[in-house]
There are 2 protein chains.
Amino acid sequence: MTEIEESIAEESPDVAHDIPDIVIGRLPIYLRALMRMVEEGDKVTTSSQELGDRLGVSSAQIRKDLSLFGDFGKQGTGYHINYLVQQLQRILKLDREWPVAMVGAGFLGHALANYGGFKNRGFRVAWIFDNDPETVGQKIGGIMVRHVDGLERVLRREKVQIAMLAVPATAAQELADRLVASGVRAILTYAPISINVPEGVKVQYSDPVAQLQRMTFYLDV
Amino acid sequence: MTEIEESIAEESPDVAHDIPDIVIGRLPIYLRALMRMVEEGDKVTTSSQELGDRLGVSSAQIRKDLSLFGDFGKQGTGYHINYLVQQLQRILKLDREWPVAMVGAGFLGHALANYGGFKNRGFRVAWIFDNDPETVGQKIGGIMVRHVDGLERVLRREKVQIAMLAVPATAAQELADRLVASGVRAILTYAPISINVPEGVKVQYSDPVAQLQRMTFYLDV
DNA sequence: CACCAATCGTGTAACATTTCACAATTGTAG
DNA sequence: CTACAATTGTGAAATGTTACACGATTGGTG
C-alpha cells in the first residue's frame, strides 16, 4: 500500500537491523487498534486472534511480527493491552512528541495543520511555511505561517526531523531537497510526484489519485 | 504454469486474477511518471532504465510488471511514452471519468473536494455528503453539499462505485457499511481506523499519523 | 551490408514473507 | 490438585516477489 520508492533505512541503536520494513508498516496499525481498545475500556487483555479479526490480518502474522521485538504476550491469556501499547510506542519512538514542519499552506496543508488527530499519537505541527504573501503571517491552528525563505534557518535551529509536504508537484522536488539539506530525515508528501532523496531519508507518499487508480483495476465497468 | 494453463490465460479476457496486487499498486506510479514525461514533451520514447531511475525502482521490475499485461516495448528503443500511457490507462480502467462521492465535508473533505488534481487522471468529485446542517446546502468546488441521509438513494440511483470517506473514526465503520450497501465497491478512507468490508470491496487507507509513525522508527532520537 | 550499442521479455535463481502446526504455558473450573 | 481450553512463540514449509543474466531484436553508423 503504499507506494514504492523509499530510501533504505538506517540502523537504529536497538533492534532495527533485520526488521523488515513491511513489519514496521504494520505496527502503527496494530497500535491504532490497541489504542482504540484502550478507549473502549472494556478489556484488559486481547489476543492475536481478536486483534487480527479486527484488522483483517492473520493471528500468526501478528504474533510473528511482535515476536521480532520481544515476548510481549502470555500463553493462555494473550497480550496486556496497555503494556503492548507502551511497547509499540517505545519501538516506534512515539514515547515523546515529535515536532513536525508543514510546508505548503494551501487547501490541503491548511486542513492537515488544523487536523486534531496528531495529538496523543506522537506528533505536533509546530511550524508552517508558505510562499504566498497573503498566507504568510496568518495563523492556522494557533501556528503562525512563516515565509518559506526562512525554512532552512528554522529547521536547522530547531533540529526538525519530520516534515509534511503539501505543495504543487512542480515545487516538490526542490522543497524536498531543501528539507533534506536542513536536516529533515522523514518526509510525508502529498505532491503527486516521486521525489528523490539521499540514503537515510525516508519518504512516505500520499497521492489520493494514485490510491483511487489502484482500485479501479478491480471494478467492473 | 503448464502449457494448457498458459494458453487459457492468454485467451482469457479477464487477466485480473493472475496479477499480484502489489504490481497493480505500482502501475499508477509508472503512469504518473509517464504523464509527467508527456508534459515535459522532450521525448517520444523512454526505457525501463530511465523510468526506473526516476522512480527508484529496478528496470527489471518495470519490465516484468509490464510484461504481465502485454508486450508494450521494442528492443533497442524502449517504450513509446504515449502508447504506454494509453495502455496503462486502459489496464487501470482510467480511459473514462469515474464519478466519486465524498463523504464528510470537514476540513479534510473540503480540501480534497476542492483539489484540482483529479482532473485528467480519471476522477471527478461528483457528490458531497455531510451531516452538519450548517454545511449542507453550501457549495464546494461547484458541488452542492447534500445531507448524508440521502446517501443511499443518490449512490444507488447514480450507480456510484467509488467513495472517499473523510469522517471521524467513530462514524467511519457505519458509513462504510452504508456505502457498501449502496453499491460502492472502492473506498478511500482518511479515518484513523481499520474498517471491515465484505469481499469484493476494496479499501485504501490514508492516515497521515500512521504514515508518520512508520518513519519515526528509523529516526535517531 | 556488417557491426554495435541499446534495450526488451523472460526463465531461473535468490530472497522475502506468510502460513502452518505444534510444544509449552497459563488460568480456570470442578 | 487435576484436567482442560486458550493462547503464545517459533521452526519449517509454502508461497510470493525481486533480481539476475542472457538470447533476441532494433536502429544507427561507417
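Details of the structure are given in the entry above.
What counts, and where the lines are drawn
- Residues numbered from 1 in each chain as written.
- Chains lettered and ligands numbered in written order.
- Predicted model: local features only at pLDDT ≥ 70, side-chain atom pairs only at ≥ 80, totals over all residues.
- Heavy atoms only, no water.
- Core = buried A, V, L, I, M, F, W, Y, C linked by side-chain atoms within 4.5 Å.
- Buried < 20%, exposed > 50% of the residue type's maximum accessible area, 1.4 Å probe, protein only.
- Domains from an automatic or database assignment.
- Contact = heavy atoms within 4.5 Å.
- Near = heavy atom within 4 Å.
- Polar contact = N/O pair within 3.5 Å; in protein donor to acceptor, adjacent residues only side chain to side chain.
- Helix = DSSP H or I, 4+ residues; strand = E, 2+ residues; numbered from the N terminus.
- Nonpolar A, V, L, I, M, F, W, Y, C, P; charged D, E, K, R; others polar.
- Least-squares fit on C-alpha atoms with pLDDT ≥ 70 in both.
- Axes fitted to C-alpha atoms, helices over the stretch in contact; angles between N-to-C directions.
- Left-handed = near helix turned anticlockwise from the far one by under 90°.
- Buried area = accessible area lost by both parts, 1.4 Å probe.
- Salt bridge = Lys/Arg side-chain N within 4 Å of Asp/Glu carboxyl O.
- Pairing = 2+ DSSP bridges.
- Right-handed = clockwise from strand over helix to strand, strands pointing away.
- Phe/Tyr/Trp six-rings, centres within 6.5 Å; stacked < 30°, edge-to-face > 60°.
- Lys NZ or Arg CZ within 6 Å of the ring centre and 35° of its normal.

What follows deals with the nonpolar core. Most often, soluble globular proteins have nonpolar side chains that are buried together. Residues B:Leu27, B:Phe69, B:Leu88, B:Phe123 and B:Ile128 are the most contacted members of the largest nonpolar core, which totals 50 residues. Three or more residues apiece are contributed to this core by two domains, here domain 1 (3–91) and domain 2 (98–211) of chain B. Residues in contact with B:Ile128, not counting those within four places in the same chain, are B:Met102, B:Ala105, B:Ala113, B:Ile140, B:Ile143, B:Met144, B:Val145 and B:Arg146. One finds A:Ile81, A:Leu88, A:Val100 and A:Ile128 within the second-largest nonpolar core, a separate group that totals 47 residues.

Residues in contact with DNA strand D amount to 26 residues; listed here are only the nearest, A:Ser48, A:Arg63, A:Gly73, A:Tyr79 and B:Arg26. Sugar and phosphate atoms constitute 60% of the interface atoms of DNA strand D, taking the interface as everything within 4 Å of the protein. Note that a base oxygen of DNA strand D is positioned 3.2 Å from one of the backbone N or O atoms of A:Gly76. Take A:Tyr79: an N or O atom from its side chain is 2.6 Å from a phosphate oxygen of DNA strand D. Secondary-structure elements contributing two or more residues to the surface near DNA strand D are helix H3 (59–67), strand E2 (73–74) and strand E3 (78–80) of chain A together with helix H2 (21–40) and helix H4 (59–67) of chain B. Ranked by the residues each element gives to the surface near DNA strand D, the list is headed by H4(B), at four residues. Broken down by class, the residue content of the surface near DNA strand D amounts to five nonpolar, 13 polar and eight charged.

Between the two copies, chain A and chain B, the superposition gives an RMSD of 0.0 Å; the rotation angle is 180 degrees and the shift along the axis is 0.0 Å. Here the two chains are linked by the operation of a two-fold rotation axis. Interface overlap between copies: 92% of the residues of chain A at the interface are likewise at the interface in chain B, consistent with a symmetric, same-surface contact.

The axes of two packed helices give the description: the angle between them and the distance between them. All names here are of chain B. Look at helix H7 (residues 151–158) against helix H8 (residues 169–181): their axes get within 9 Å of each other, and the N-to-C directions meet at 35 degrees. For the pair H7 and H8, the sense of crossing is right-handed. In contact with Leu-151, Glu-152, Leu-155 and Arg-156 of H7, H8 contributes Arg-178, Leu-179 and Ala-181. Its residues placed into classes, the contact of H7 with H8 shows four nonpolar, no polar and three charged.

Take the protein's contact with DNA strand C next. Neighbouring residues of DNA strand C: 25 residues in total, closest A:Arg26, B:Ser48, B:Arg63, B:Gly73 and B:Tyr79. Of all atoms in DNA strand C that approach within 4 Å of the protein, 62% are sugar or phosphate atoms. A distance of 3.1 Å separates a phosphate oxygen of DNA strand C from a polar atom in the backbone of B:Phe72. Take B:Gln75: an N or O atom from its side chain is 3.5 Å from a base oxygen of DNA strand C. Listing elements by their share of the surface near DNA strand C, those giving two or more residues are helix H1 (21–40) and H3 of chain A together with H4, strand E2 (73–74) and strand E3 (78–80) of chain B.

Looking now at the interface of chain A and chain B. Reports often express the size of an interface as the amount of accessible area lost when the parts come together. Of the residues lining the interface, 72 residues belong to chain A; the matching set on chain B comes to 71 residues. For the chain A and chain B pair, buried surface summed over both sides reaches about 6800 Å², with 62% attributable to carbon and sulfur atoms. Here chain A is connected to chain B by eight salt bridges. Note that B:Arg32 and A:Asp207 form a salt bridge whose closest N and O atoms lie 2.9 Å from each other. Secondary-structure elements contributing two or more residues to the side of chain A that touches chain B are H1, helix H2 (48–55), helix H5 (107–114), strand E8 (162–165), helix H7 (169–181), strand E9 (186–189), strand E10 (202–205) and helix H8 (208–216) of chain A. Residues belonging to the side of chain A that touches chain B are distributed by class as follows: 42 nonpolar, 14 polar and 16 charged.

Residue and element names in this part refer to chain A. Counting buried positions along strand E4 (residues 98–103) gives five out of six residues, so the element sits mostly inside the fold. Two strands pair when backbone bridges link them, and E4 and strand E5 (residues 123–130) are joined in this way by six bridges, in the parallel orientation. Along E5, the bridge assignment pairs Val-103 with Phe-129. Crossover E4 to E5 through H5 is right-handed.

Let us look at the packing of aromatic side chains. Under the defined criterion, the tally for this structure stands at eight aromatic pairs over all chains. Relative to B:Tyr83, the ring of B:Phe72 has its centre 6.4 Å away and its plane inclined at 70 degrees; by these criteria the two rings are edge-to-face. You can see B:Phe72 sitting in the loop between H4 and E2 and its partner B:Tyr83 sitting in helix H5 (residues 81–91), a full 11 residues away along the chain. Seen in terms of ring centroids, B:Tyr115 and B:Phe118 are 5.5 Å apart; in terms of plane orientation they differ by 80 degrees. Their pairing is edge-to-face. Pairwise contacts between aromatic rings join A:Phe69, B:Phe217 and B:Tyr218 into one cluster. For the cation-ring pair, B:Lys93 lies above A:Phe217, with the distance from its terminal atom to the ring centre recorded as 5.8 Å. Over the aromatic face of A:Tyr218 sits the side chain of B:Lys202, whose NZ or CZ is 4.0 Å from the ring centroid.

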